[in-house]
Amino acid sequence: MEQFGVPRDTLDKRNPFDLTDHKFVRLFRVSKNLCREVVEMVSPFVREPTRESALSIRTKVLATLRFFGTGSYQEVTGSNNFVGISQASASRAITEISNALNEATILNRLINYPQTIAELEALRTSCGCIDCTHIAIVAPHKNDPNFPEHVYVNRKNYHSINVQLVCDSNLKILNVNSKFPGSCHDSHIWRQSPVSDFMETVHRRNRNNVFFLFGDSGYPTRPWLLTPINNARNLGEERFNDRLCSIRSVIERCNAVLKNRFRCLLRYRTLHYSPSMAGKITNACCVLHNLCIANRVPEVEEPHPVKPDYGMYALNQLNFLRPSANVDLAAARALQQHIINTHFT
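Residues numbered from 1 in each chain as written. Predicted model: local features only at pLDDT ≥ 70, side-chain atom pairs only at ≥ 80, totals over all residues. Heavy atoms only, no water.

A. A look at the overall build of the chain. Counting its secondary structure elements, the chain contains eleven helices and five strands. Across the chain, contacts joining residues at least 24 apart in sequence account for 70% of those joining residues at least 6 apart. Per element, the accessible surface of the chain, about 16,600 Å² overall, is 50% carbon and sulfur. (Helix = DSSP H or I, 4+ residues; strand = E, 2+ residues; numbered from the N terminus. Contact = heavy atoms within 4.5 Å. Areas by Shrake-Rupley, 256 points an atom, 1.4 Å probe, with all protein chains shown as cover.)

B. Geometry of the packing of aromatic side chains. As enumerated under the stated definition, the model contains nine aromatic pairs in all. Both rings, one in Phe-24 and one in Phe-28, keep their centres 5.0 Å apart while their planes meet at 45°; by these two values the pair is tilted. Of the two residues, Phe-24 and Phe-28 are both situated in helix H1 (residues 21-28); the distance of four residues between them amounts to about one turn of the helix. Side by side, Phe-24 and Phe-28 carry an identical accessibility label, which is buried. Between Trp-190 and Tyr-219, the aromatic rings sit 6.5 Å apart at their centres with planes inclined by 85°, giving edge-to-face as the arrangement. Placement of the pair is Trp-190 in helix H7 (residues 186-191) and Tyr-219 in the loop between strand E4 (213-214) and strand E5 (225-226), with a sequence separation of 29 residues. One exposure class covers both Trp-190 and Tyr-219, and it is buried. Against the face of Tyr-158 rests Arg-267, its NZ or CZ located 3.7 Å from the ring centre. (Phe/Tyr/Trp six-rings, centres within 6.5 Å; stacked < 30°, edge-to-face > 60°. Buried < 20%, exposed > 50% of the residue type's maximum accessible area, 1.4 Å probe, protein only. Lys NZ or Arg CZ within 6 Å of the ring centre and 35° of its normal.)

C. Main features of the environment of Cys-129. Here Cys-129 lies in strand E1 (residues 129-136). Of the residues examined, Cys-129 reaches a relative accessible area of 0% and is grouped as buried. Residues Cys-129 and Val-250, spaced 121 residues apart in sequence, show a C-alpha to C-alpha distance of 7.3 Å. Excluding its chain neighbours within four sequence positions, the residues that come into contact with Cys-129 are Leu-165, Val-166, Cys-167, Leu-213, Phe-214, Ile-247, Arg-248, Val-250 and Ile-251.

D. Quick look at helix H3 (residues 57-70). With 14 residues, H3 should cover 20 Å at 1.5 Å per step; its first-to-last C-alpha distance of 20 Å lies within 8% of that length. The buried fraction of H3 amounts to 13 of the 14 residues, a majority that puts the element mostly inside the structure. Positioned one or two residues after H3, Gly-71 has a phi angle of 75°, which is positive. (Expected span 1.5 Å × (residues − 1).)

E. Looking closely at helix H9 (residues 235-261). A rise of 1.5 Å per residue sets the reference length of H9, with its 27 residues, at 39 Å; its end C-alpha atoms lie 39 Å apart and thus fit the reference within 8%. At Ile-247, H9 shows its maximal bend, which comes to roughly 25°. Residue Asn-234 occupies the N-cap position of H9, its side-chain oxygen lying 3.1 Å from the main-chain nitrogen of Gly-236. (Bend = angle between axes of the 7 residues up to and from the residue. Polar contact = N/O pair within 3.5 Å; in protein donor to acceptor, adjacent residues only side chain to side chain.)

F. Structural context of the nonpolar core. Grouped together as the largest cluster of nonpolar side chains are 80 residues, with contacts concentrated most on Val-42, Val-61, Phe-67, Phe-68, Leu-101, Leu-271 and Ile-281. The element that contributes the greatest number of residues to this core is helix H10 (residues 275-294), accounting for ten residues. If we ignore the near neighbours within four places in the chain, the residues touching Phe-67 are Ser-72, Tyr-73, Val-76, Ile-94, Cys-264, Leu-271 and Tyr-273. Core analysis: the second largest hydrophobic core is formed by 19 residues, Leu-120, Leu-123, Cys-132 and Cys-184 among them. (Core = buried A, V, L, I, M, F, W, Y, C linked by side-chain atoms within 4.5 Å.)

G. Fine view of the side chain of Asp-186. Checked against the element boundaries, Asp-186 lands in helix H7. Buried and unpaired, Asp-186 has no salt bridge, with Arg-248 as the nearest side chain of opposite charge at 7.6 Å. (Lys, Arg positive; Asp, Glu negative; His and termini not counted. Salt bridge = Lys/Arg side-chain N within 4 Å of Asp/Glu carboxyl O.)

H. Structural view of the confidence of the model for the chain. A residue-level look at the chain finds 88% of positions with pLDDT of 70 or above and a mean pLDDT of 87. Across residues 315-321 the pLDDT falls below 50, and counting only partners more than four positions away or on other chains, this stretch makes 18 contacts in the model. (pLDDT = per-residue confidence, 0-100.)

What follows is the structure, encoded as structure tokens:
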């Protein structure tokens, strides 16, 4: 709506950049400077307003950040003093900005797994950890052949996508894979992951230089992916498991920070989007998470109406073995034993 030639995204609203830094972060989850950076970052991929009454790119970014932070359209519609746009406009803005943050030039720059031995060496000192987390979505249409409804029902009996995350000890997300339905097992997603292929290739080409990630018992134990020892038989193995679990807590912390900051990803919020769009929203939140980590944006403490469900749960390790798996498993057990003998006995 336009009155007296005044653009609609300036009517009856306060300028959010007049807020205190603390209040701005609480409402939009990023700092003022970071918000300006995001606006500049997405601008090449977002249509410029062609009408005086059209939403500015800044308003679209603010609306998207507000939705990501709350998971509620009510927070970005006309009742909001800082954005105040219709739900239809908010939905279009969220889609447009999420698509922009999924552009390869943005996504691959801000979420990137090591590609060289030197980069892996740097990761060695900051411990790479992997796990999957479930993002709740509405049930896909039963007649949609691209997204069969039943495959999105997970073991906790709600519809979700199962998202693989890899992070370092600074909580920076190194890899995100948000393409799989909730019924997919963590180990299946890992086997389809380019990170898995890369780590296996590095192992086979550089057997004297060991690189590995840490995972839970839902993953196959390999020389490039160490998991806890089932049924530890002695003190050394118990200490190994305790240390591995301590290191792995970083991925749980990363997941908690991600979902507490961008609460649209929390279990009880539920994304009312198609699985593919829910994946793009997840990727966009991961991009913003890494920007927040890099810019040291403080976490926002929010009360939970219920005990939060971060969508993570341990699964028993499944035995999907390829022909070479027994050899790799034996090599992984030998590596575990070497670590135990060197550090825990």
